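The chain contents come next:
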Amino acid sequence: MSILFKPGNIAGLGLKNRLVRSATAERMCDDDGRPEPAMIDLYADLARGGVGLIVTGHAFVHESGKAHPSMTAVHRDDLVPSLRALSEAVHREGGKAVMQINHAGRRASEKVTGRTPVAPSPVPQVKGSPRPHELTGAEIEELIAAFGRAAGRAREAGFDGVQLHGAHGYLINQFCSPASNWRRDRWGGSIARRLRFLEEVAAAARDEVGGDYPLLIKLGVQDFVRDGLTLDDGVEIVRHLADWGLDAVEISGGVGGTSVRKDILRPEDEAYFLSQARRAREATDLPLILVGGMRSLAVMESILEEGTADFISMSRPLIREPDLPNQWREGRTEAAACVSCNSCWPGPGEYGIACRNSNG
Ligand SMILES: Cc1cc2nc3c(=O)[nH]c(=O)nc-3n(C[C@H](O)[C@H](O)[C@H](O)COP(=O)(O)O)c2cc1C
């Protein structure tokens, strides 16, 4: 039996194998951020397909943090019943689900939120994008509390855990990164002060969910942008995570094209954050999940065998083949069919994520 199908455990949450569906924004919610029936079906399909743990697409914790239309919402108490439908769909099929919670910061869509995006510092994401509003101390405290309450709602909605989105250029990553955090107050300047937002978000979430509940983070350990977070900085964050009450870390990095790389067609292109994960592994004993271009069994097995990661996560391959884990368990030896073309994102007039590869 492949090591991929050895049971695993995160903070008492038993998982039937080492395969994780990495958070994937489904874009299947109504204007209020409530999951539509197609999204519930997608979760039932994923759970039926045999993946050990499903991480939901990012859900926004505060109305200023919505990244795009059709994004899942977890910023109000009245959303809990519609979110519970998702966790129940997974549990009915024998699966486990963790909700990813997020604030987009300067990557929020002004068109969707109707307000100027907020950020640690008034630095646009890229040349030409809107200049964000620099958060005041009181606004920062409000967002920390919003993360905490969102974590509590995820638990109330029946999810088996919560994952903080600390990667891909969203608000937590914006605070950690010197490219986007130019502050000189208690929230910026030294690395310790840049990390304070994450530390306090983790504390607020832990406070709300209690001590016996899995709290995970997806962490960008390297930005790959000028003046951005270096791998040394990223490893420094990893070193603190257990002390801050986190139970597992999923290693990622980059923003946009550097986090979701195209054309992973050969084993040499796979596992594109492996060198970063090896450094992270030296800095923590927490269960480590590795994402980024995982496509073939041999590559995944060797990463587990060498002990760099405890779990392997995938996003795009499970859009194309939600039952890939079952197929592998039943003896399929070929790699995922996904060609990493990134056409899974819906274009104008298209609904939700789907594999739109013309050869698919
Ligand atoms: C359509 C799509 C939506 C995504 N949404 C999220 C998200 O909500 N949260 C997140 O952390 N990563 C998100 N990602 C990134 C993936 O989780 C993953 O880190 C990345 O695609 C690399 O893994 P893969 O090669 O297995 O696809 C998304 C990726 C895709 C393709």
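As shown above, the structure is provided for reference.
Asks: Give a detailed account of the packing of aromatic side chains, specifying residues and quantitative values.
Replies: With the rule as written, the count across this model stands at 4 aromatic pairs. An angle of 80° between the planes, with centres 6.3 Å apart, marks the rings of Phe 147 and Phe 197 as edge-to-face. Of this pair, Phe 147 sits in helix α4 (residues 137-156) while Phe 197 sits in helix α7 (residues 196-209), and the two are 50 residues apart along the sequence. The class for Phe 197 is buried, based on a relative accessible area of 0%. Between Tyr 272 and Phe 273 the ring centres are 4.9 Å apart and the planes differ by 75°, which places this aromatic pair in the edge-to-face class. Its relative accessible area of 10% is what places Tyr 272 among the buried residues. Three or more aromatic residues joined by ring pairs form one cluster here, namely Phe 147, Phe 175 and Phe 197. The ring of Phe 311 carries the charged tip of Arg 18 above its face, separated from the ring centre by 5.5 Å.

Asks: Can you break down the environment of Glu 250 residue by residue, with the values?
Replies: Position of Glu 250 among the secondary structure elements: in strand β12 (residues 248-252). Along the sequence, Glu 250 and Ile 312 sit 62 residues apart, while their C-alpha atoms lie 9.0 Å from each other. Ignoring any residue separated from it by four or fewer positions in sequence, one finds Glu 250 in contact with Ser 22, Gln 163, Ile 217, Lys 218, Leu 219, Ile 289, Val 291 and Ser 313. Within the structure, Glu 250 has its side chain in polar contact with the side chain of Ser 22 (distance 2.6 Å).

Cut-offs and rules
- Residues numbered from 1 in each chain as written.
- Predicted model: local features only at pLDDT ≥ 70, side-chain atom pairs only at ≥ 80, totals over all residues.
- Heavy atoms only, no water.
- Phe/Tyr/Trp six-rings, centres within 6.5 Å; stacked < 30°, edge-to-face > 60°.
- Helix = DSSP H or I, 4+ residues; strand = E, 2+ residues; numbered from the N terminus.
- Buried < 20%, exposed > 50% of the residue type's maximum accessible area, 1.4 Å probe, protein only.
- Lys NZ or Arg CZ within 6 Å of the ring centre and 35° of its normal.
- Contact = heavy atoms within 4.5 Å.
- Polar contact = N/O pair within 3.5 Å; in protein donor to acceptor, adjacent residues only side chain to side chain.

Functional significance is not addressed by these values, which are geometric in nature.
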